Amino acid sequence: MNPDMDRLQPYPFEKLAELKRGVTPPADLEHISLGIGEPKHPAPPFVLDVLKNNLDRVSNYPSTKGMPELRQAIAEWCERRFKLQQGSMDAERHVLPVNGTREAIFAFTQALVKRSPDALVLTPDPFYQIYEGAAYLSGAEPYYLPTLPETGFVPDYDAIPADVWKRCQLLFVCSPSNPTGSAHTIEQFKKLIALSDEYDFVVASDECYSEIYFDEANPPAGLLQACAELGRHDYRNCVVFHSLSKRSNLPGLRSGFIAGDAELMEPFLLFRTYHGSSMPIQHQLASIAAWNDEDHVLENRSQYRHKFDAAIKVLSPVLDVKKPDASFYLWVPTPIADDAFTRGLYEQQNLTVLPGSYLSRPMADGRLPGAGFVRMALVATVSEVVEASERIRRYVESL
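So, here is what we can say about the structure in this document. Remember, it's a predicted structure, so these values are computed and weren't measured experimentally.

## Here's the deal with the overall build of the protein
When its secondary structure is counted, the protein shows 14 helices and twelve strands. Over its C-alpha trace the protein gives a radius of gyration of 21 Å, about what one expects of a compact globule, namely 21 Å for 399 residues. Along the longest, intermediate and shortest principal axes, the C-alpha atoms of the protein span 60 × 55 × 45 Å. The 399 residues of the protein split such that 59% are buried. Residue pairs in contact within the protein that sit at least 24 positions apart in sequence constitute 75% of those at least 6 positions apart. Accessible surface, the protein: about 16500 Å² in total, of which carbon and sulfur atoms supply 52%.

## Regarding the side chain of His-296
Inspection of the secondary structure assignment puts His-296 in helix H12 (residues 295-315). Taking the relative accessible area as the measure of exposure, His-296 reaches 14% and is therefore buried.

## Side note on empty space enclosed by the protein
One pass over the structure, following the stated rule, counts two cavities of 30 Å³ or more. Estimated volume of the largest cavity: approximately 80 Å³. Taken together, 13 residues form the lining of the largest cavity, with Pro-124, Thr-147, Pro-155, Cys-174 and His-184 sitting closest to its centre. Element by element, the count of residues in the lining of the largest cavity is highest for strand E5 (residues 168-174), at three residues. Here the residues of the lining of the largest cavity sort into nine nonpolar, four polar and no charged. Put simply, the second largest cavity is a space of about 30 Å³. Trp-77, Glu-207, Cys-208, Ser-210, Glu-211, His-242, Ser-243, Arg-247 and Trp-291 are the residues that line the second largest cavity. Its residues placed into classes, the lining of the second largest cavity shows three nonpolar, three polar and three charged.

## What about a nonpolar patch on the surface?
Taken together, the side chains of Met-1, Met-5 and Leu-8 make up a nonpolar region of the molecular surface, amounting to roughly 340 Å² of accessible area. Position of Met-1 among the secondary structure elements: in the segment before helix H1 (12-20). Among the residues examined, Met-1 registers a relative accessible area of 88% and is labelled exposed.

## Describing the pairing of strand E3 (residues 120-125)
Burial analysis of E3 places six of its six residues in the buried class, the great majority of the element. Of the two faces of E3, the one carrying Leu-120, Leu-122 and Pro-124 and the one carrying Val-121, Thr-123 and Asp-125 are both buried. You can see the chain leave E3, run along helix H5 (residues 130-137) and come back into strand E4 (residues 141-146), and the turn it takes is right-handed. Summarising the sheet, E3 and E5 pair through three bridges and their orientation is parallel.

## Here's the deal with the sheet that holds E4
With mixed pairing, the seven strands of this open sheet are ordered in space as E2-E8-E7-E6-E5-E3-E4. In this open sheet, the two strands that pair with only one neighbour each are strand E2 (95-98) and E4. Between one strand axis and the next, the sheet turns through 20° on average, direction left out of account. Relative to strand E7 (residues 238-243), strand E6 (residues 202-206) is paired through four bridges, and the arrangement is parallel. What sits directly across from Asp-206, in E7, is Phe-241.

## A word on the nonpolar core
In summary, soluble globular proteins display a tendency toward joint burial of nonpolar side chains. Counting 54 residues, the largest nonpolar core has Leu-84, Met-89, Leu-122, Tyr-157, Trp-165, Leu-171 and Phe-201 as the members making the most contacts within it. Sorting elements by how many residues they give to this core places helix H3 (residues 68-82) first, with seven residues.

## Topic: the sheet that holds strand E12 (residues 373-377)
If you trace the three strands from one edge of the open sheet to the other, you get E9-E12-E11, paired in antiparallel fashion. Every other strand in the sheet has two partners, leaving strand E9 (329-333) and strand E11 (354-355) as the edge strands with one partner each. Bridge count for E11 against E12 is two bridges, and the pairing is antiparallel. Bridging across to E12, Leu-354 finds its partner in Arg-375.

## A few points about the pattern of salt bridges
Inspection of the entire model under this criterion finds 23 salt bridges. We note a salt bridge from Arg-21 to Glu-18, for which the minimum N-O separation is 2.9 Å. Arg-393 is paired through a salt bridge with Glu-397; the nearest N and O atoms lie 3.2 Å apart. In this pair, Arg-393 and Glu-397 both sit in helix H14 (residues 382-398), four residues apart, roughly one turn of the helix. On the basis of relative accessibility, which here comes to 28%, the residue Arg-393 falls in the partly exposed class.

## Some words on the layout of surface pockets
Computed from the structure, the largest pocket encloses a volume of approximately 530 Å³. What lines the largest pocket is a set of 26 residues, and nearest its centre among them are Gly-37, Arg-102, Tyr-128, Tyr-209 and Lys-246. Mapped onto the lining of the largest pocket, the elements with two or more residues apiece are H1, helix H4 (101-112) and helix H9 (244-247). Looking at the lining of the largest pocket residue by residue, the class counts come to 13 nonpolar, seven polar and six charged. Considered as a void within the structure, the second largest pocket measures approximately 340 Å³ in volume.

## Overview of unusual backbone geometry
Residue Pro-126 is reached from Asp-125 by a cis peptide bond, and omega for that bond is 5°. With respect to the secondary-structure elements, Pro-126 resides in the loop between E3 and H5. Of note, the bond from Asn-178 into Pro-179 is cis; its omega dihedral lies within 30 degrees of zero at 25°. For Pro-179, the position within the fold is in the loop between E5 and helix H7 (186-199). In this structure, Asp-200 is a non-glycine residue whose phi angle is positive, near 60°. Within the secondary structure layout, Asp-200 lies in the loop between H7 and E6. Positive phi, normally seen in glycine, also occurs at Asn-350, with a value near 50°. Within the fold, Asn-350 resides in the loop between helix H13 (338-349) and strand E10 (351-352).

What counts, and at which threshold
- Residues numbered from 1 in each chain as written.
- Predicted model: local features only at pLDDT ≥ 70, side-chain atom pairs only at ≥ 80, totals over all residues.
- Heavy atoms only, no water.
- Helix = DSSP H or I, 4+ residues; strand = E, 2+ residues; numbered from the N terminus.
- Rg over C-alpha atoms; globule rule 2.2 N^0.38 Å.
- Buried < 20%, exposed > 50% of the residue type's maximum accessible area, 1.4 Å probe, protein only.
- Contact = heavy atoms within 4.5 Å.
- Areas by Shrake-Rupley, 256 points an atom, 1.4 Å probe, with all protein chains shown as cover.
- 1 Å grid on protein atoms, 1.4 Å probe; cavity = no way out; pocket = protein on both sides within 12 Å on 5 of 7 lines; lining within 4 Å.
- Points joined across faces, edges and corners; volume = space filled by probe spheres on them.
- Nonpolar A, V, L, I, M, F, W, Y, C, P; charged D, E, K, R; others polar.
- Patch = residues over 30% accessible without salt bridge, like charges linked within 9 Å, V, L, I, M, F, W, Y side chains within 5 Å.
- Salt bridge = Lys/Arg side-chain N within 4 Å of Asp/Glu carboxyl O.
- Right-handed = clockwise from strand over helix to strand, strands pointing away.
- Pairing = 2+ DSSP bridges.
- Axes fitted to C-alpha atoms, helices over the stretch in contact; angles between N-to-C directions.
- Core = buried A, V, L, I, M, F, W, Y, C linked by side-chain atoms within 4.5 Å.

Put into C-alpha cells, the structure is as follows:
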C-alpha cells in the first residue's frame, strides 16, 4: 500500500465512537445527535420531482464534464450570488460539476501538487479532515494554521513566515468555517490573492456553508467575489467549492461543483476523466432545478435562524455561546475537557456532540487549537434543538 496511508489518522467520528464505547446512556431519554453535520430539513419537493421524473436516465452514461445546462446554471448562480462581472464565469471553461465536494477537494489536491520534499499544503486548524488526508496522499506536508478566539477563528496570515509561503503550493480556506462558523471578510480574501501573486500558490476556498447565514442583507463574502472586485475576471490561481448538501438539504444527492481559474480547470478535467465519477444525469437535472431556485434556500435559512435563537437563549446563562458568522454549527467552549464533556453529556443526557480536539492538531507549543470546545450541529428540528439545549444546560448545571 501507499506508505503515506500510514500517516492518516482515524476519522473524528471513529474517535467519537471509541469515546462513547462502554457508556450506557439513560434509557428514558431518546438519543439526539448534534454530532454529524447532516441536514435534517426536508429536501425540496420540486427537486425530488425532477429526480423521480428522470429515473429512466440511468440507462445513459453521463459525461465527466457534465451537462452544459448544469454548468450554465452554476455559472449564472455564481454571478448572481457573488456579484461577478456578467459573462465572466464561462460555463465551458470555469465550471466542473462534482459528486460532492469531499471527493473534489481530495482529487484536486492530487492533481495540483507537484511532488517534492518541501511541498506544503496549508490548512486551517481545526479543520475538515479531508484537507490533511489529501495533502499527505499527494506527497505534500500539511502545515496547520491555528484559528483561535483572539484572531476571530480566522488564521493569522501575517504570522506565517515567508519560507512557508515559498513552499506553499495550495492554501485551503474554509469560509464559513467547519467547525467554528467564522467567515473571511472580502479584505481577507484580497490579502490571500495578493500573497498568491507574490508566492505563486493556489487558493482553494471551501464555501459549502456560504448559504446558511443570518443577515439577508450581508451574505458571507466569497473568493471569486474578491477576484471580481480586484478586476481579476480570469480568477487566476483561485478555485472555490460549493455544494447542494447544506444549501438545499440534499446531502445524499452528492452534487457540488468546483469553479475558478480555467488554467486549472482544464488539467483537472483531464485528471477527472481518469479518476472522477461522473454525476448521474438524473442528479444533474435535479441539481439544475436546485441552483435555479432561491425560495427554498430562504426558508432553509429561516429555520436555522429560529434554531440558533432558541439554542442560544437556553444555553447562554451557563455557557459562553455566541452566534457564528454563518454555517449551522455552534463552537462552544466547555467548562471541563472537551472529550470529558462529550462523554459525560452522552452518559447523563443521551446527547452527542463532537469534541473540538478531534478536529485539531498540536501547535508548536503543544496546544490543540480545538481543545476546550465542542461542535454542535444544529441540524435537527427546532423542537429537538430546544430539547437538546435544555439537556445540555442541565448537564452543565450538574458539573
